[in-house]
Amino acid sequence: MTSATIQNLPDHQVFLNFRGFDVRYCFISHLEKALRDAKITVFVDEDAARGEDLTVLFQQIEKSNMALVVFSRTYMESEWCLDELVKIKERVDKGKLVAIPIFYKVDADELKEFLDKACETHGKVYATHILEKWKAALECIKSKMGLTLENGKKSKEAGFIEIIVDHVMQSLKNVPPLEGEKPEMASPFGIEHRIKQVEEKLDFDRCDKTRYVGIVGMHGIGKTTLATELFNRYEHKFCRCVNFLNVREKLKTYGADRARKKFLEDLLQVTNISDDEATHGCLESKLLSSKVFVVLDDVSSASQIEVLLGNRNWIKEGSRIVITTRDRVFITELDTNPYVVPRLNLEDGLRYFSFYAFEDHICKPEMGNYMQMSIEFVDYARGNPLALRELGKDLRGKSETQWKSLLHTPAKCPHNIIQNLLKISYSELTQQEKDVFLDIACFFRSEDEYYARSLLGSGHSESVQAAREITDLSHKFFISISGGCVEMHDLLHTFAMELCSSTSCGVNQEKRRLCNSNYIVAALHGKMETNNVRGISLDMSKVTHMPLNKLVFTNMCNLRYLKLYSSTCPRECKSDCKLNFPDGLSFPLEGVRYIDWLKFPLKELPPDFNPMNLVDLRLPYSNIEQVWKVSKETPKLKWVDLNNSRMLQKFSGFSKAPNLLRLNLEGCTSLDCLSEEMKTMERLVFLNLRGCTSLRCLPKINLSSLTTLILSGCLKLREFQLISENIEYLYLDGTAIKDLPTDIVKLQRLILLNLKECRRLENIPQCIGKLKALRELILSGCSNLKSFPNLGDTMENFRVLLLDGTSIDEMPKIMSGSNSLSFLRRLSFRKNDLISKLGSDISQLYHLKWLDLKYCKNLRSLSTLPPNLQCLDAHGCISLQIVTSPLAFLMPTEDIHSMFIFTNCCKLNKAAKNDIASHILRKCRLISDDHHNESFVFRALIGTCYPGYEVPPWFSHQAFSSVLEPKLPPHWCDNKFVGLALCAIVSFCDYKDQKNRLLVKCTCEFENLDASYSRFSVPVGGWFEPGNEPRTIESDHVFIGYISWLNIKKLQEEENKKGCVPSKAKLRFVVTDGTGEEITQCEVVKCGFGLVYEPDDEVSNVVSLAAAGMSINGEQTTFTSDKGECPVESPTTANSTKGNDMFVQGNV
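The structure presented is a predicted model; accordingly, all values stated were derived computationally and were not measured.

Caption draft 1: How the structure looks around the pairing of strand β14 (residues 533–539). Burial runs high along β14: seven of the seven residues are buried. Across three bridges, the pairing between strand β13 (residues 512–514) and β14 is parallel. Pairing of Leu514 across the sheet is with Ile536, part of β14. In the classification by handedness, the crossover that spans β13, the intervening helix α24 (residues 517–524) and the parallel β14 is right-handed.

The following block contains the structure:
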């Protein structure tokens, strides 16, 4: 609540209800004064005219938003107090009044006794129903959260009053205005969270140290609002305080001396300080007598702080100084970590915008297009309150057509207030900062930070000077660094583009940045002065073919940035370059730093171009055959991108580019070799030769800094030549190599080796096991690879091995103890037609999470799997018959999720299916830790699917349809309950147009006899295939899923207090496409539901042993404990339940 809204509250904001005999001339008088000092309007019965009856006081209660009920020892002796209390209760019950009980030297538990005694006296006069009203009112009000001053602690009364005032002020923030009142300004939505964060920095509870707090942020973000709100809330804690607004403007208008004098007069609350005394030194003794609370708003420099605060020796310890500014640099001397005001989130931003944009201050979903357009405007404003307010005001009362017109206008925020404020900030930048700000807006918004620093630095040095302007602009909130990129708020970007298009701004006349296609065409045709052009950004999709004069760029002596691109297609597929030079091109420029020219039309760059300052050269899809005939000095060149320049025959002319970092020659299909002059590129870290289909070999060079080498799709590359020993990522996929060189062992930093689709590859050298850093080895599609070496070396970083589509006929041997495969997380044999079984030692891969066996058509049996496996996909293993029991080792402590998919494994025998289902049950019963979590979450932990038509018998509730309605007895969710087991039989016979994603889900509804109700949806099973390959299902399938129900223990403790409350459930199973759309051709023909409980401790201790000895014939295996014979595979019978108020969050 702002000061503006406080002023509009009713006259009698807080009503004081008290027994005058006890407290009127002591406690109440001090409390009333403290409330009034805090600018809170108070009503006490003294304010009523003498002789007025109780009806007048009732009217004052109705006019109030809050009542303070001061209970004292003789309170109950006053019938007036009790009648007022009844009236207060009536207003509280209607939600029109907030009541706060104050227990003044009396215990809440004593009040009933006092009232009973008073009723013995009052009862002789008043009827019983009046006495009952008093008792009900007392019980209602005293039960609310209040404040207590204990008896015998008179010395703390002053502090207690201070606590009451703070509590009242905080409570009033959340009290809605009375009927008929509307605040003139929108409440600062979301401010409470910001207030709390700044309060923590100010730490008002500690008075031993002065604290300086900076509040920083861009224009209009709410710095002043936040600081003013803090001032209004805490000024009552200080004898001297001042909220000194618009510091920058005051110093500009009045000068330093008059502004200082005004500040000191406001602080000392005097008006007669002479000019000679208006210094901190002259007034130091007076100033040091009290702690101060000072807000300096809109400070733009350290010198302004020095004018107003001087040497700060006059500030008494324990004071608080808050400074708001748009520049965080100078404030860090006082506050090393200033508070950055965050933007409003979408919800608060929409509420704030709607307050100004709509007559009733609310945007409702049923308003259709207005709601969607409002969201888009809020997104554009990026949570800036000033922009939201001005946008809302501008749109208020306008038609939907006018809204749409403004929404699609590049400059959506035309209001002069915003533009003028931004111009003030812009004018305070240095000339270098202005240049970089406009350059970023026109050319480098959202670019990598290092890249932008390299291109935009004003200095000649490599690091510090080149970064200075970007750092300064970030500190002044003209740009931000987010995710390693240079970003700019939409408002500032609009402002910058308006500056660039304006011809009235002197700076733009001196250094023009051309982004408007009409201006650029005029410049290229010689119809305007071009020697002041700093940059050109032309969208070629907006122009027609233009033959241009050879000398078109000759006069652009200040040109730095040249960008010719297409917004409709990054390749401009439909046409050649629209700029043609029939007589060639002259480019005698040396200041150019950046050239990005899509489909450059010439065979080489102009020979008169001096690339001395060139940093980035991009000529994608060009006609270039060679860049230069002879090498040129390019000391600053860091990036070269010639991708898909299909005419490029040789890459030469760069022997003098020692600082080149990245070279992209992807798709240069005519390039058959690289020049040995590349050996001078000592800093090159990235080399991309993907799709260079004519490349036959690599030069014998050593690029010591190279970390990424991409040779993917180099179809004629038969031999890999090592050109760096520091490579970390090596892509040889799709090449014609038959083997790897033995010196590959030198790549001790290699992390990724991609050999996918190397169809001629015949073997992998044994030395591959000595690559200690290797994490991922991809051999997918190496159809001629028949074996994988037995690697005895320890490769602790080895995580991924993909052998899908190879001709390997057996599982790589897993050595005993630690070896190269021990740490694998992901293993694939997909589409291997030779492998018939997995070795039994696969169970030793304790870290394996993902095993892909899809379409292994010759796989007949499955060995016991690793215990931590999260996903097994055996789809299409049409020969698979046997599953080893147990399917996987079980660990009592594991709580990971897992999914075992056996779709289209049509030859699975009955015993195998039983073992799969039994494993799921045993596993979910061992999940004993997750459900003690504090959160309230449903999560799919375990699931499986396989061909079949039968719901496993251990599902205690079954139905021949997609809907199941079991009635659950009392206490079903006792403290051993851990989750739900769900089963669905899905028929795919009518599902013809099958896609690559499918999800079976269940909507669960639980209803108690006491009418409490909960509804939620959970997944049962399914899949998502990457790419567009569909997973075709040929028969009915069983889907089983286990869902844990977290936070059950805490809720169950509350249920025990309510006794037996049976509940009933309704479960509906559907099949969707994974995006929420139901697949009607897939029918759920049967379903099942079961409750899963923790096993007894005795069961837990021997469950692994029992599982290891379990029959594979599908018969139920039992073992004996001291409680008798217990079936391992049957769930604990759900013969006792509890009330279902555990669904607290879903009660309706």
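That covers the picture; the talk isn't over yet.
Caption draft 2: Representation of the side chain of Ser425. Mapping Ser425 onto the fold places it in helix α18 (residues 416–427). Overall, the relative accessible area of 7% leaves Ser425 in the buried class. Within the structure, the side chain of Ser425 is placed 3.1 Å from the side chain of His219, a separation counted as a polar contact. Excluding anything up to four places from it in sequence, Ser425 contacts His219, Arg326 and Phe478.

Caption draft 3: View of unusual backbone geometry. Positioned with a positive phi, Arg312 is a non-glycine residue whose angle comes to about 70°. Looking at where Arg312 falls in the secondary structure, it is placed in the loop between α12 (302–309) and β9 (320–325). Positioned with a positive phi, Asn644 is a non-glycine residue whose angle comes to about 60°. Within the secondary structure, Asn644 is located in the loop between β20 (639–641) and β21 (662–664). When its relative accessible area of 14% is taken as the criterion, Asn644 is described as buried.

Caption draft 4: Spatial organisation of the sheet that holds strand β8 (residues 292–299). Strand order across the open sheet formed by five strands is β7-β8-β9-β6-β10, with parallel pairing between neighbours. Strand pairing shows two members of the sheet lacking a second neighbour, β7 (240–244) and β10 (339–340), which therefore form its edges. Two elements, β8 and β9, share five bridges in a ladder whose sense is parallel. In the strand pairing of β9, Leu296 is matched with Ile323. Most of the contacts of helix α8 (residues 191–202) go to strand β6 (residues 211–216), to which it runs at about 150°, and overall it touches β6, β9 and β10. Across the sheet, helix α9 (residues 223–234) is in contact with β6, β7, β8, β9 and β10; its angle to β8 comes to roughly 170°.

Caption draft 5: Local environment of the sheet that holds strand β3 (residues 66–71). With parallel pairing, five strands are arranged side by side in an open sheet as β2-β1-β3-β4-β5. For this open sheet the edge positions go to β2 (42–43) and β5 (147–149), each flanked by a neighbour on one side alone. Where β3 meets strand β4 (residues 98–104), six bridges bridge the pair, whose relative direction is parallel. The partner of Val70 across the bridge, within β4, is Ile102. Docked against the sheet, helix α6 (residues 128–142) engages β3 and β4, running at close to 105° with respect to β3.

Caption draft 6: Seen up close, the packing of helix α19 (residues 431–444) against helix α20 (residues 449–456). Between α19 and α20, the least distance of the axes is 11 Å, while the angle of their chain directions is 125°. By the angle between their axes, α19 is oblique relative to α20. Of the two elements, α19 crosses α20, and the hand of that crossing is right-handed. In this structure, α19 contributes Val436, Asp439, Ile440 and Phe444 to the contact, and α20 contributes Tyr451, Leu455 and Leu456.

Caption draft 7: Focus on the nonpolar core. Ranked by internal contacts, the top residues of the largest apolar core, which has 144 residues, are Phe553, Leu579, Trp597, Leu689, Leu753, Leu755 and Phe902. Ranked by residues supplied to this core, first place goes to helix α25 (residues 910–925) with five residues. Ignoring sequence-local partners within four residues, the contact set of Phe553 consists of Leu524, Ile536, Leu559, Leu562, Phe581, Leu585, Ser586, Phe587, Leu589 and Trp597.

Caption draft 8: Fine view of the environment of Thr74. If you trace the backbone, Thr74 turns up in the loop between β3 and α4 (79–93). The spatial distance from the C-alpha of Thr74 to the C-alpha of Phe114 is 8.0 Å, given a sequence separation of 40 residues. Here Thr74 is in contact with Arg19, Phe21 and Asp22, once residues within four sequence places are set aside.

Caption draft 9: Looking closely at a positive patch on the surface. On the surface, a cluster of positive charge is made up of Arg696, Lys716, Arg718, Lys738 and Arg760. Looking at the element boundaries, Arg718 is found in the loop between β23 (708–710) and β24 (729–731).

Definitions and cut-offs
Residues numbered from 1 in each chain as written. Predicted model: local features only at pLDDT ≥ 70, side-chain atom pairs only at ≥ 80, totals over all residues. Heavy atoms only, no water. Buried < 20%, exposed > 50% of the residue type's maximum accessible area, 1.4 Å probe, protein only. Helix = DSSP H or I, 4+ residues; strand = E, 2+ residues; numbered from the N terminus. Pairing = 2+ DSSP bridges. Right-handed = clockwise from strand over helix to strand, strands pointing away. Polar contact = N/O pair within 3.5 Å; in protein donor to acceptor, adjacent residues only side chain to side chain. Contact = heavy atoms within 4.5 Å. Axes fitted to C-alpha atoms, helices over the stretch in contact; angles between N-to-C directions. Parallel < 35°, antiparallel > 145°, perpendicular 65-115°, else oblique. Left-handed = near helix turned anticlockwise from the far one by under 90°. Core = buried A, V, L, I, M, F, W, Y, C linked by side-chain atoms within 4.5 Å. Patch = residues over 30% accessible without salt bridge, like charges linked within 9 Å, V, L, I, M, F, W, Y side chains within 5 Å. Areas by Shrake-Rupley, 256 points an atom, 1.4 Å probe, with all protein chains shown as cover. Salt bridge = Lys/Arg side-chain N within 4 Å of Asp/Glu carboxyl O. Lys, Arg positive; Asp, Glu negative; His and termini not counted. Charge placed at Lys NZ, Arg CZ, Asp CG, Glu CD.

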